[in-house]
Structures are given as C-alpha cells and as structure tokens.
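Structural overview for review
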Amino acid sequence: MDYILEARNVTKRFGGLTAVDRVSIGLRAGEAFALLGDNGAGKSTLIKIISGVHKPDEGEIFINGKRARIEAPMDALAAGIETIYQDLALAENLDVGANIFLGRERMKRRFGALRVLDDPSMAEESQKVLDRLDIKIPSLKKMIRTLSGGQRQAVAISRSIYWDAKVLIMDEPTAALGVAEQRKVLDLVRTLKDQGIGIILISHQMYDIFEVADRLAVMRRGVKVGERIVKETSPDEVVSLMMGTEEVRKDR
Amino acid sequence: MRSSKSSTAKALTSALSGRWVPVFILLEIVYFCFRSEGFANPNSLQILLFYGVQVFLVATAELFVIITGGIDLSVGYVLGFATVISIKLVAKMMAIGISPPAALLLATIATLAIGVVPGLVNGALVAYLKVPPFIATFSMLGVCHGISELIINGVSAVGLPKLASDIGLGYIFYIVPGSRSSFFVKPEVPRGTAVLQILPNIVIITFVVVALFAFVLARTKFGRHVYALGGNMDAAIRSGIPVKRRILGVYAISSFLASLAGIVYAFMYVSGKADAGAGLLLDAIAAVVIGGASMFGGSGTVWRTMLGALVIAVLDLGLRMSGIPTFDEFILVGVILIFAVVMDRYMQEAS
C-alpha cells in the first residue's frame, strides 16, 4: 500500500550534534505509526521536520508519492499535516466553535455590507465534526477553560480534522490525563483511523502504543534502530531496542 | 452552627457573584440621595452621564488594550494633547477666515487623525519592537504631555467659537412646559421660565461611539482576535491570526477614543490643557477592572466596563453635589478598585 506521507533519509544537525541521522519512515492512510525513544533520541526533531518547524539538512519528504517542499509550518498545514502539541494551542477564554474556527472565522452579512461573526453556523459545523468523531462535549457555548484535559484534546483534534487533516501528529496525547480520559483519547485515535486519517503518535506509554498503533519505530541518539509491526513484537523487545540491549545481542 | 454560617456566606456569594456592581451602584445612589438633596432627581441621571463621558470613552479605549493583556498608560495625556490640538486648529482656521462650523468639523477630523498617531507608535513599539506595553505607553505619556505644553506654552488653549459650547453643553430636546418644544436649539424664553432639557448631545455621541466599539469587540473578526490574543498568544499565532497588525490596531483604537474624549472635553469646557485628562487613567482602569476584566487579558466586555464606569460617574456627581473635594474621590476610586479586585478573587475562589 502506498504511503500518504514518507520521510526519506532525513538528517538534521544542530551545530556539532546530529539530532536526526538519515531516518526514513512511511505512513499509510488509516494507520497509526508510533515513534518511540528515550528523551533526546530525536523523535521531536523528526516530527518538527515533518510539520515544517525545522528544515532538514538532508533528505526528502514525499506526500502521496510526490516530493513535497515543507519549509514552514504553513506548508505542512496546506499539505494536510496537522500537529496536536501538548499545550494544544487553544484560546481558553473562547468557546469550542470559536476555537475550531480561530483565524478562519465564518462571517455573515448584516444590513447589506456589514460582515459579522456567524457564531451559530460555526457552532453547528463544530457539532457536526464532534459527532463525526463521536466526541461528547456538554455544551459548545462553554469556554475551553471549563473543559477537562481530554475534552480539550478532543477539541484540538476536531479542529485539525475540520480543516481537512490527512496526517495527524500527536505528541504525548495521553500525558497529563486521568485513566478514563486516556481511554477516550485512544478510542478517538481508533475512530480517526477508521476514517482514513494517518496518525503519527509519540508516546512514552507502552500501553497506548500496543493498544492503538499498527507499526512502530524506535529511535536512539538520532538513528532509527528498528521498525516493527506491533502485532509481531512485544513490550520487552521494544524496551530493549530503546535501551540498546537488542543491538548488543545481535552483534554477538 | 459553623456549616450553616458558611452556607449562608456561600448563598450570599453566589447571589452576588457577577452582580455586585449593580448592587453597589444602587447603594451609591441611595446613599447620595440621603446625603445631598439635589441628587434625588431624575435629572441627576443625565447630569452624571454628561460628566462621565470622558470616563466612558477612555474606559472603552483601555478595555481593548487590557483584553490583549497590555495596558495603555498614555490615554489621559493623549486626551490632553487632543484638547490642545483641536482648539489650536480651530483658532488657526478661523484666523484665516474659515467659518466656525467648517472649522470645528475640519479640526475634529484632523485631531482624530493626529490623535491616532501616539497609538500607532505605541502599537508598533509593542508589536514589532517587543517593548513592554507599560514602558512604551508610559514613555508616550511623557511625550504627549511635553508636546502639549510646548504648544500652549503654559497657558490654556482657548479661542473656540460659541458654537462649540452650544454643541458641547446643548441638549437634543428642549421642552417649555405647556408652551412648545424644539430640537437642538434652546428656545428663547423669559428669564426664570423652566425649560426641560432632555438628552445632552455629547452623551448621545458618546454612547453611539461606545456602542459601535462594543459591536466591533463582540461581533467582528477583529474583536474575536483581540480576545484570542489575550487568551493564548501562541494559539493566536499558530492559527494564522495577523497578531502584530491586531496589536497595532488595538493601541490605535485606544488612542483614537482618547482623542475623541479630548475633543468632547474641548467642546464642553472650551479650553484645552495638557493635563486635562491627568486623573482619567485611574478612572479608566478602575472601570475596566470593576467591570470584571482580567488584567492578564482575555476577558471583559464593553457593557460591563460601562457598569464599572457608572460606579465612578455616580460617585463623581454624588461627591460634587455633596460638596466634597475631588481629592476624596481619588482616594475612594482607589479603594473601590482594590475592593473590586479582592471581591473578584474571593468570588472566584468560592465558585
């Protein structure tokens, strides 16, 4: 099956440090691809390259098989690659609809020429995308501030989906959530997969990965040290890849 | 015993939550009705709105800036600058033979255009050069004060035609009971005849402008972005909002409204002074904070800011009519401001 997003041999150096060293990964539609590694292994740098925050020193990005120029965050967004950061980038003092449409507000005409915010239609559209993703939020009129961590996450994801994300990069989506909320986020990831969205998941939670991911790659000191199909591996093997013990055993 | 006491306190808190301002205004009115004989009169309402116009306009100006998480300390001296500029312009125009109505109109437009400049500079300093709003606008306060003093050379600017005060002190309707009524023009009546004067011109102008800016804040894309800026600057940037242009716009609006308040001042008092708005900064910030806006940005509405301004306007007229010196008012506004902040903090913790 064809990749909707592919990074080939990307390298990123910061001064003398090679943060990402000739790494290749590919993502298919409707699949969740997990990225693992210890702190400083290069996961964050890799996703920042894909989302246009960093420009790679070497290597190429392909979208639907075509070479893509991703040099700024706006390029990634235009290509349908959305990133859900840990801080979610929501305006907590605004309601759900206002956040989903932030910066791209819907307007309607009043008294001929006057253009005013069309809040009812924004709320209606927001409800549609929430329903589509099976997300329940008591009232769209509520400020983000009053929502739980999981609900906020769901709003941030809905915003990306509404604006036609094909690839969703999720950075530690379940960190700082309660157990029940973590479950909901994982359910949401499954729903997204069912709808053909490709997901790149960064997580420290082995449970999350074995629950929802299809494939995984392990990085260590900027290098991809292994790629596995989740069904064919085990947490033990993944941990040893992360720690480097697997490699040592192979060498013998 | 203890639990019943705390539940009473809770009930009181929730009953007052977000509503203590109207209650406070009511208490003020009741107090001043007892304190001063003249106060208990329907006419007091339009008089207090009349003397409050500068507070209403400058508080609206300050609200825009405060919602973004900034502050504009220059509003009072931009107001003074506008009083001086507008009067000097009218005097110059009339000196070269321009008729009073045309001179007033042209000078008003020119003063508004010039009055936006301090705001544009403030906005550019804050948005593009990353100067903290406190420093940028504090410096602008000094610059405006200095330029105004240089222009007037230490004496008040004067020389407005009588038409200016006819507008500034005039009313929309005049009714001579049992005889006739008129619009805008005060009827000629024998001395001592009672004339009912209804709706001061400048109060109407002020509220039309305030309503316009309330609309901008609540119903336009610009307004939505102003809230987003104060709520989460990073989110605003990542959403593609032109953040720098919005900040520039907000400080320009602040300066524009302060200048308008200055022009209105000139029409009311027919004189221009560099420090005409010296005490207004306290009033404006107090009105915004009493109206429930957070100094950290992201919240506040024009409507509630007007309630906050009303607290000050009632106090102002009440004290004047009770013959209490204005210095007492500074103290009281300061105390009420602190009270408002403590009250909001307490309400937040209780809820």
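Residues numbered from 1 in each chain as written. Chains lettered and ligands numbered in written order. Predicted model: local features only at pLDDT ≥ 70, side-chain atom pairs only at ≥ 80, totals over all residues.

**So, the confidence of the model for chain B**
Residues and elements named next belong to chain B. Per-residue pLDDT for chain B averages 91, and the proportion of residues at 70 or more is 95%. No element of chain B has a lower mean pLDDT than helix H1 (residues 2-16), which averages 62, and none a higher one than helix H5 (residues 100-127), which averages 98. Two numbers describe this predicted complex: its pTM, 0.88, and its ipTM, 0.85. (pLDDT = per-residue confidence, 0-100. Helix = DSSP H or I, 4+ residues; strand = E, 2+ residues; numbered from the N terminus.)

**Considering the interface of chain B and chain A**
Facing the 18 residues of chain B at the interface are 13 residues of chain A. When residues of the side of chain B that touches chain A are traced back to their parent elements, those giving at least two are helix H9 (221-231) and helix H10 (233-238) of chain B. With 6 residues, H9(B) is the largest single contributor of residues to the side of chain B that touches chain A. Per-class residue counts for the side of chain B that touches chain A are 5 nonpolar, 8 polar and 5 charged. (Contact = placed C-beta atoms within 7 Å. Nonpolar A, V, L, I, M, F, W, Y, C, P; charged D, E, K, R; others polar.)

**Quick look at the sheet that holds strand S9 (residues 167-171) of chain A**
Residue and element names in this part refer to chain A. The mixed open sheet is built from 6 strands, whose spatial order is S6-S9-S10-S3-S11-S12. Of all strands in the sheet, those bounded by a partner on one side alone are strand S6 (81-84) and strand S12 (223-229). Between one strand axis and the next, the sheet turns by 20° as a mean value, whatever way the strands run. As paired elements, strand S3 (residues 32-37) and strand S11 (residues 215-220) share 5 bridges and run parallel to each other. For glycine 37, the partnering residue across the bridge sits in S11 and is methionine 219. Its contacts with the sheet place helix H8 (residues 235-243) against S3, S11 and S12, and it is angled at close to 25° to S11. (Pairing = 2+ DSSP bridges. Axes fitted to C-alpha atoms, helices over the stretch in contact; angles between N-to-C directions.)

**Observations regarding the sheet that holds strand S1 (residues 171-176) of chain B**
Residues and elements named next belong to chain B. Across the sheet, 3 strands lie side by side as S2-S1-S3; this open sheet has antiparallel pairing. Sheet topology places strand S2 (180-183) and strand S3 (196-200) at the edges, where each strand pairs with a single neighbour. Mean inter-strand twist for the sheet, computed between neighbouring axes without regard to direction, equals 10°. Bridge count for S1 against S2 is 4 bridges, and the pairing is antiparallel. In the strand pairing of S2, tyrosine 174 is matched with serine 182. Docked against the sheet, helix H8 (residues 201-219) engages S1 and S3, running at close to 25° with respect to S3.

**Describing helix H6 (residues 133-152) of chain B**
Residues and elements named next belong to chain B. Here H6 spans 28 Å end to end across 20 residues, near enough to the 28 Å set by a 1.5 Å rise per residue. For H6, the full list of buried residues reads Pro133, Ala136, Thr137, Met140, Leu141, Cys144, Ser148 and Ile152. Down the axis of H6, the sector holding all buried residues measures 145°, keeping them to one side. Looking at H6, the residues exposed on the side facing more than 90 degrees away from the buried face are Ile135, Gly142 and Leu150. Where H6 is buried, its residues contact helix H4 (75-95) and H5. Backbone geometry just downstream of H6 places asparagine 153 in the positive-phi region, at approximately 55°. (Expected span 1.5 Å × (residues − 1). Buried ≥ 20, exposed ≤ 12 C-beta atoms within 10 Å, placed from the backbone. Arc of directions from axis to C-beta.)

**Brief notes about helix H1 (residues 43-50) of chain A**
Counting buried positions over the 8 residues of H1(A) gives 7, a clear majority of the element. The set of residues buried in H1(A) consists of A:Lys43, A:Thr45, A:Leu46, A:Ile47, A:Lys48, A:Ile49 and A:Ile50.

**Let's talk about the domain arrangement of chain A**
Residue and element names in this part refer to chain A. What the domain assignment reports for chain A is domain 1 (1-80 + 166-252) and domain 2 (93-164). Distance from the C-alpha centre of domain 1 to the C-alpha centre of domain 2: 29 Å. Contacts between the two partners involve 10 residues from domain 1 and, on the opposite side, 11 residues from domain 2. Residues that form the side of domain 1 that touches domain 2 fall into these classes: 6 nonpolar, 2 polar and 2 charged. (Domains from an automatic or database assignment.)

**Focus on the environment of B:Phe207**
Along the chain, the position of B:Phe207 falls in helix H8. Considering only alpha carbons, one finds B:Phe207 and B:Gly272, 65 residues apart in sequence, at a separation of 23 Å.

**Let's talk about the packing of helix H2 (residues 20-35) of chain B against helix H13 (residues 302-321) of chain B**
Residues and elements named next belong to chain B. Taken N-terminus to C-terminus, the directions of H2 and H13 make an angle of 10°; their axes are 10 Å apart at the nearest point. The pairing of H2 with H13 is recorded here as roughly parallel in orientation. Of the residues in H13, those in contact with Val21, Pro22, Phe24, Ile25, Glu28, Ile29, Phe32 and Arg35 of H2 are Leu307, Gly308, Leu310, Val311, Val314, Leu315 and Gly318. When grouped by side-chain class, the residues that make up the contact of H2 with H13 number 11 nonpolar, 2 polar and 2 charged. (Parallel < 35°, antiparallel > 145°, perpendicular 65-115°, else oblique.)

**Focus: the nonpolar core**
Judged by nonpolar contacts, the single largest core of 166 residues is most densely connected at A:Leu168, A:Ile199, A:Leu201, B:Val55, B:Val58, B:Leu79 and B:Ala284. Per element, the largest residue contribution to this core is 17 residues, and it comes from helix H11 (residues 243-269) of chain B. Residue assignment places this core across two domains, with domain 1 (1-80 + 166-252) and domain 2 (93-164) of chain A each supplying three or more. In this structure, B:Val55 is in contact with B:Leu280, B:Asp283, B:Ala284, B:Ala287, B:Ala309, B:Ile312 and B:Ala313, ignoring residues within four places of it in sequence. (Core = buried A, V, L, I, M, F, W, Y, C linked by C-beta atoms within 7 Å.)

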